[in-house]
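Reading the structure
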Amino acid sequence: MKWRLRTILPAAYLGVLVLAMALAPVLAVHSPEEQNRDCPCAAPSSHFILGTDELGRDVWSRLLYGGRISLGAGFVAASLSVGIGLLAGAAAGLSRGIFRRGVLALAELFLSVPWLYLLLAIRAFLPLTLSPAQVLFLLSAVIGAAGWARPGRLIAQKAGEVREREYVEVAESLGAGRWHLMRRHLMPELLPLAVTQFLLLLPGYVLAEVTLTFFGLGVGEPAASWGNLLAPLRHPAAASCLQLASPLPLLASLVLACELLSGDGRGND
Amino acid sequence: MKTPLSELCLESIDVISGLAPRNTRLRPGANCFRTGDSDAACAPASTESMAWLNAPRGLKACPTTRGRFRRAVGWALAFLISAGGCGVRGAELRGGRLVYMQRGEPRTFNPMFAQDDASHEVVWRMHADLVHINRETQKTEPALAESWTTLKGGNGFRLNLRRNVRFSDGQPFDADDVVFTFQAHLDASVKSSQRALLLVQGRPIRVRKVDPYTVEFDLGGPYGPAERIFDSIAILPRHLLESAYKSGQLPAQWGLGTQPRAMAGLGPFRLKNYQPGEGLILERNPYYWKKDSRGTALPYLNEILFRQVGDEESQVLRFLGGEGDLLNRVSAKSFALLERDANARQLTLRDLGAGPEYNFLFFNLNPSGSAPASVAAKQAWFRDAQFRRAVSLSIDRAAMVRLVYGGRATALATHVTPGIRLWKNTAIPPPVRSVADARKLLTAAGFRLGNDRTLRDKDGRAVEFTILVNSNNQQRAQMASMIQQDLKELGIQAQVAPLEQRTLVQRVLTSKNYEACLFGLAFGDADPGSEMNVWLSSGQVHVWAPSQSKPGSEWEAAIDNLMRQQMATAGYAARKKLYDRVQEIEARETPIVSLLSPNVLVAARRRVGNFRPAVLDHYTLWNADELFLQPAPGDKK
C-alpha cells in the first residue's frame, strides 16, 4: 500500500477524531450533563463554544463525550463483526464439506433476522441498573455479533480461493496442519480484506448507534451521544437550535474518510 | 404568556357593546377572526354564542351615561345582526368541506368498540348521547333527552326523550332504541368497551321503557356523577342492529368495510365515503335534530374530510403548507413554530391552558414479596413519605415548564390539574422548590449526606435508583434528565432508563420490576368518577401498587373510603368536600410526585367559524355541528 495523500489525509483525520474523543475530559469546558437552565439554546459564544441545547447543556462538551459513545460503539461493533467474520470465514474457507456449508447457511440465517426487533427485545430484558456505558457495550456487542455474516461470507469466499492455490496445496501435501495453513498462508491474504471490511462497517455501525439513539432505543438521556444530540432535530421547530446539528459534519466526514481508506484498500486487493 | 388574538378581540367587543353579562365568557372564535376586524360583530349564530346578545341581564350592568351609550350601540348591533343587517344568516353559513388531519386510521365505526382516538374522532361526529357533557363548561346539558328527573333520591333517572328525532337514514328514534342500546352495552357477551361505565357499585344499571318517549334508569344505588353516566353512550339504531345483536354478531357490525347506507346515527354527520390510507368523508346528516338559536338546522358544514397524515410533525408541516383546517393538541414546540407564521398564514392559535393530562414521578410501593429482591431493598426508602416529599421538594417544576414546554404547562401540587377546574382543591398551595427543606426532611427520616456528597440511609447504603421513562416521549425524557440533576443536589444518584412504552407499562403493572417511573395519565372526564381506577387501591391503574387485595397503608385505606363515598354521594358540594380531602392526603403522603400538566394547544385557519376548542376531548371537534367555513374574500356565494 503506497502512502498517498488520499490515504494519509483520511487516516490523519480519523486519528485526530479519535484523539479528540479520547481527550474529551481535557478539551470539554463543561460537564456534558450539567444543565445551565438560564441559557437554553444559547448561540455559540466564548463561554459555550458551540452554544447550548434545549436544557442549557454545553453542545461542545456533549459533542466530544457523545463522540466517545458513538465512535466507541462503532469500533466495538465493527471489531466484533470482522473478528467473528474472519475466524468463521477462514475456518469455512479451509474446510470443504458440511462445515463450510453450515457456516454459510448460518450467515444467510443471520442476514435474514430482523435485528431492530431483536434489539428492542434485548433492551427490554436488560437489567435497569446498567449504566449507559454498559448498555452501550451490550448493544454494540449485539450489533457487532449480528453483523458478522456479511464480512464472514466474503472472507470465506476469499479463503476458499486461497485454499485452491498451488502453494497452499503443496504445503498441505507436505503435511502442513490447518492452523499452520491459516496462520502462514490464509491470514496474510485475508487481513487486508478484513481491514477493508472494518473500514466499511465502522461508519455504518456508528450511524446505527446514532440512529438507534435518535429514535430513543440506544443510550438514553442524559448521557451524551451524537444520536441524543440530533434527536431534537426530529421536530421542525428545532431549526432555531441549529448547533444541535453539529454531529452531522463529523458523521459525514467520518463516512468519507472511511470510504477513502477502504477504497484505497480495495484498490490494492 | 401571550394572549391569543381572538381573545383580545373578544375583550374589545365586550367593552364596546356592553352587552355581555359580566360573568359570561364570550365564545371565542364565534365572534371575530382578526383583531380590530370590522366584521367582528357580524357573528354567526351558534346555539349558545348568540344568547348573550339578547340577554337583558347585560343591560343592567351599565347604569351610567356611558353605559347607556354602550347599550344603545349594543342594541343597534344586536338589531343589525338579528335582522341580518350584516348579511350573515344561519342558512348562509351552510356549506363547505372542513379538512381535519388525523394521526392514525380509525379502526372501527362501531361506537361500542371504538377505543382509539382516530375512531373516536370520527364516530362521535356520527352519533349522539342522551345527556351530554358540554366540553366547554364541563357540565351536563340535554341532548337526545330534553329533560330528566331523579328518582328514588338519586338512585335512578327518568329521561324524557326528544320527539320527532330521526336517525341519519330517516328512521324515527324512540325509547326502544334507548332500551336496545343499553341492553346491548350491558350484555357481558357483547364485550362492549363501555360496559364498565354502566356498572354502579359493581352492578349493572337497569333500563325500562315507560312510554315511547320516556325511559327510566335504575342505578341500584346512589351514584355521585349522576346524569354524567349517560354521556358518551351513543344511542344505536335498533332497526339496523337488533338482528345482529340477537345472532351474536354485534361486535362484527360497522367495521371499516361497512357500506355507508348500512349505518345510521343521531349525530350531525354520516359516513359518505372511506378510502383506507387516503381519507374519510362525513357528510351532513339532513335529519339532525339540533338547531341554532335562530332555528337553522345544524350542522352548517356540508362535509368533513378526515385525512390521515401520521405523526404530529407531518401534521404541522402540512398545516403550514396550507393543508387542513384544524389541528388538535399540538406540542409547545409546534405551537411556537405555528406562532411565527400565524398572521401571514391566517391562523388562529389557542392556548387553552392546563388540560386533563398530568405527568408525575412515582416509586414502586408494591407490597413486600411482589417486587424483585433488588427493588425490595430500596422500598424502605420509597415507603417513607418524608423521602417522597423531599424528592418532590427538590424538583424544579418551574424550569421544566419553561425549558420543556416553553412555558405552556402548569406546575402541579396534586394530580388535579387546573383544567379540571370544578374539582381542584384550591387550598393546596402550588409547589415551591426548596432544596433546604428537602434536606431537612431527609435528615429527619434518618438519611445522611456523606463527605463524598452521596446521600446514605441509616445502614450506610448509598441512595440510588433508576427512573423508567417512555423512550418515545421526548418531553418526559427531558423531564427525567432534569429530575436527575435536581436529585443530585440532594446526593441522590438517579439513573434514567428509557423503555418502549409497552415494555414500561408491563414492568409497572405486571412484573413490578422497576424502582421509579415517570408517567402521564389524563382525566377521562372532568369528574373524579373517571379516576376511580387510579385512586382505589384495588384499581388496575393504581400505578404505584396496582390491584391490591386490601389497602397497603392507612392513607390508602382513607383514600379508598373517600373515593367510594364521593361516588355514592349526591350533590357537587358534598362530593367536592370529599374529593378535596383526597387531594389533601395526596399532598401529605405524596404517593405520586405530581409534576406538571401540559397546556392544550390547538390551531385553526381563521376561516373556521365558531371555533371554540375545549380542554376535554375532542378539543377542536366537540362542536363540529356548529363549525362553519367563512368564505375567502372574493369568493362568490
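Residues numbered from 1 in each chain as written. Chains lettered and ligands numbered in written order. Predicted model: local features only at pLDDT ≥ 70, side-chain atom pairs only at ≥ 80, totals over all residues. Heavy atoms only, no water.

What follows deals with the side chain of Gln-484 of chain B. Tracing the sequence through the fold places Gln-484 of chain B in helix 13 (residues 474-488). Of the residues examined, Gln-484 of chain B reaches a relative accessible area of 11% and is grouped as buried. Setting aside residues up to four positions removed in sequence, Gln-484 of chain B forms contacts with Pro-222 of chain A together with Ala-494, Gln-495 and Val-496 of chain B. (Helix = DSSP H or I, 4+ residues; strand = E, 2+ residues; numbered from the N terminus. Buried < 20%, exposed > 50% of the residue type's maximum accessible area, 1.4 Å probe, protein only. Contact = heavy atoms within 4.5 Å.)

All names here are of chain B. Tallied over the full model, the rule gives 29 aromatic pairs over all chains. Ring centres of Phe-387 and Phe-447 lie 5.5 Å apart, and the angle between their planes is 35 degrees; on these two criteria the pair is classed as tilted. In this pair, Phe-387 is assigned in helix 10 (residues 385-394) and Phe-447 in the loop between helix 12 (435-444) and strand 17 (448-449), connecting sequence segments 60 residues apart. Across this residue pair, the class does not change: Phe-387 and Phe-447 are buried. Feature note: the residues Tyr-358, Phe-360, Phe-362, Tyr-514, Phe-519 and Phe-523 constitute an aromatic cluster, connected by ring pairs. A cation sits over an aromatic face here: Arg-329 above Tyr-619, 5.4 Å from the ring centre. In this structure, Arg-605 is placed above the aromatic ring of Phe-319, and the distance from its NZ or CZ to the ring centre is 4.3 Å. (Phe/Tyr/Trp six-rings, centres within 6.5 Å; stacked < 30°, edge-to-face > 60°. Lys NZ or Arg CZ within 6 Å of the ring centre and 35° of its normal.)

Okay, the interface of chain B and chain A next. Where the parts come together, the accessible area they lose is often given as the size of the interface. Contacts between chain B and chain A engage 36 residues on the former and 30 residues on the latter. Interface of chain B and chain A: buried area, both sides summed, is about 2600 Å²; carbon and sulfur atoms make up 53% of it. When residues of chain B are sorted by the area they lose upon contact with chain A, Lys-333, Leu-403 and Gln-485 of chain B head the list and together hold 20% of the total. Applying the counting criterion to the chain B and chain A interface returns three salt bridges. One salt bridge connects Arg-37 of chain A with Asp-396 of chain B, and the closest N-O pair in it is separated by 3.5 Å. (Buried area = accessible area lost by both parts, 1.4 Å probe. Salt bridge = Lys/Arg side-chain N within 4 Å of Asp/Glu carboxyl O.)

The next subject is the packing of helix 16 (residues 554-567) of chain B against helix 17 (residues 572-589) of chain B. Describing two packed helices takes the angle between their axes plus the distance from one axis to the other. Residue and element names in this part refer to chain B. At a closest axis distance of 9 Å, the pairing of helix 16 and helix 17 adopts a crossing angle of 160 degrees. Taken together, helix 16 and helix 17 sit at an angle that is classed as roughly antiparallel. You can see that helix 16 and helix 17 cross each other, and the crossing is left-handed. Residue-level contacts link Trp-555, Ala-558, Ile-559, Leu-562, Met-563, Gln-565, Gln-566 and Met-567 of helix 16 to Arg-575, Leu-578, Tyr-579, Arg-581, Val-582, Ile-585 and Glu-589 of helix 17. Here the residues of the contact of helix 16 with helix 17 sort into 10 nonpolar, two polar and three charged. (Axes fitted to C-alpha atoms, helices over the stretch in contact; angles between N-to-C directions. Parallel < 35°, antiparallel > 145°, perpendicular 65-115°, else oblique. Left-handed = near helix turned anticlockwise from the far one by under 90°. Nonpolar A, V, L, I, M, F, W, Y, C, P; charged D, E, K, R; others polar.)

This paragraph deals with the sheet that holds strand 9 (residues 214-218) of chain B. All names here are of chain B. Strand order across the open sheet formed by four strands is 4-5-9-8, with antiparallel pairing between neighbours. Pairing within the sheet leaves two strands with one partner each, and these edge strands are strand 4 (145-151) and strand 8 (206-211). Sheet twist, expressed as the mean angle between neighbouring strand axes with direction ignored, is 20 degrees. As paired elements, strand 8 and strand 9 share five bridges and run antiparallel to each other. In the strand pairing of strand 9, Lys-209 is matched with Val-215. Along the sheet, helix 5 (residues 175-186) contacts strand 5 (156-161), strand 8 and strand 9; its crossing angle with strand 8, the most-contacted strand, is approximately 170 degrees. (Pairing = 2+ DSSP bridges.)

Here we take up the pattern of salt bridges. Residue and element names in this part refer to chain B. This structure, assessed with the given rule, holds 44 salt bridges over all chains. Note that Asp-176 is salt-bridged to Lys-209, the shortest N-O span being 3.0 Å. Linking Asp-176 in helix 5 with Lys-209 in strand 8, this pair joins segments that are 33 residues apart in sequence. A relative accessible area of 22% places Asp-176 in the partly exposed class. When its relative accessible area of 36% is taken as the criterion, Lys-209 is described as partly exposed. The residue Glu-626 makes a salt bridge to Arg-612 at a minimum N-O spacing of 2.5 Å. Placement of Glu-626 in the loop between strand 23 (608-609) and strand 24 (628-629) and of Arg-612 in the loop between strand 23 and strand 24 is noted, with a sequence separation of 14 residues between them. The pair Glu-626 / Arg-612 is uniform in exposure class, with both members buried.

A few words now on the nonpolar core. Leu-130, Phe-182 and Phe-387 of chain B are the most contacted members of the largest nonpolar core, which has 170 residues in total. Considering each element in turn, this core owes the most residues, nine residues, to strand 22 (residues 592-605) of chain B. Residues Ala-77, Leu-94, Val-135 and Ala-171 of chain A belong to the second largest nonpolar core, which totals 54 residues. (Core = buried A, V, L, I, M, F, W, Y, C linked by side-chain atoms within 4.5 Å.)

Residues Leu-19, Leu-23, Val-26 and Leu-27 of chain A make up a contiguous nonpolar surface patch of roughly 370 Å² in combined accessible area. Tracing the backbone through its elements, the reader meets Leu-27 of chain A in helix 2 (residues 24-27). (Patch = residues over 30% accessible without salt bridge, like charges linked within 9 Å, V, L, I, M, F, W, Y side chains within 5 Å. Areas by Shrake-Rupley, 256 points an atom, 1.4 Å probe, with all protein chains shown as cover.)

Attention now goes to the confidence of the model for chain B. Residues and elements named next belong to chain B. Looking at chain B as a whole, its pLDDT mean stands at 84, while 85% of the residues score no less than 70. Between residues 79-88, whose pLDDT stays under 50, and residues either more than four places distant or in other chains, the model counts 15 contacts. For this predicted complex, the interface confidence score (ipTM) comes to 0.74, while the overall pTM stands at 0.76. (pLDDT = per-residue confidence, 0-100.)

Turning next to the environment of Leu-86 of chain A. Residue and element names in this part refer to chain A. For Leu-86, the position within the fold is in helix 3 (residues 59-94). Sequence spacing of Leu-86 and Ala-156 is 70 residues, and the spatial spacing of their C-alpha atoms is 8.0 Å. The contacts of Leu-86, once residues within four sequence positions are left out, are Ile-155, Met-187, Leu-190, Leu-191 and Ala-194.

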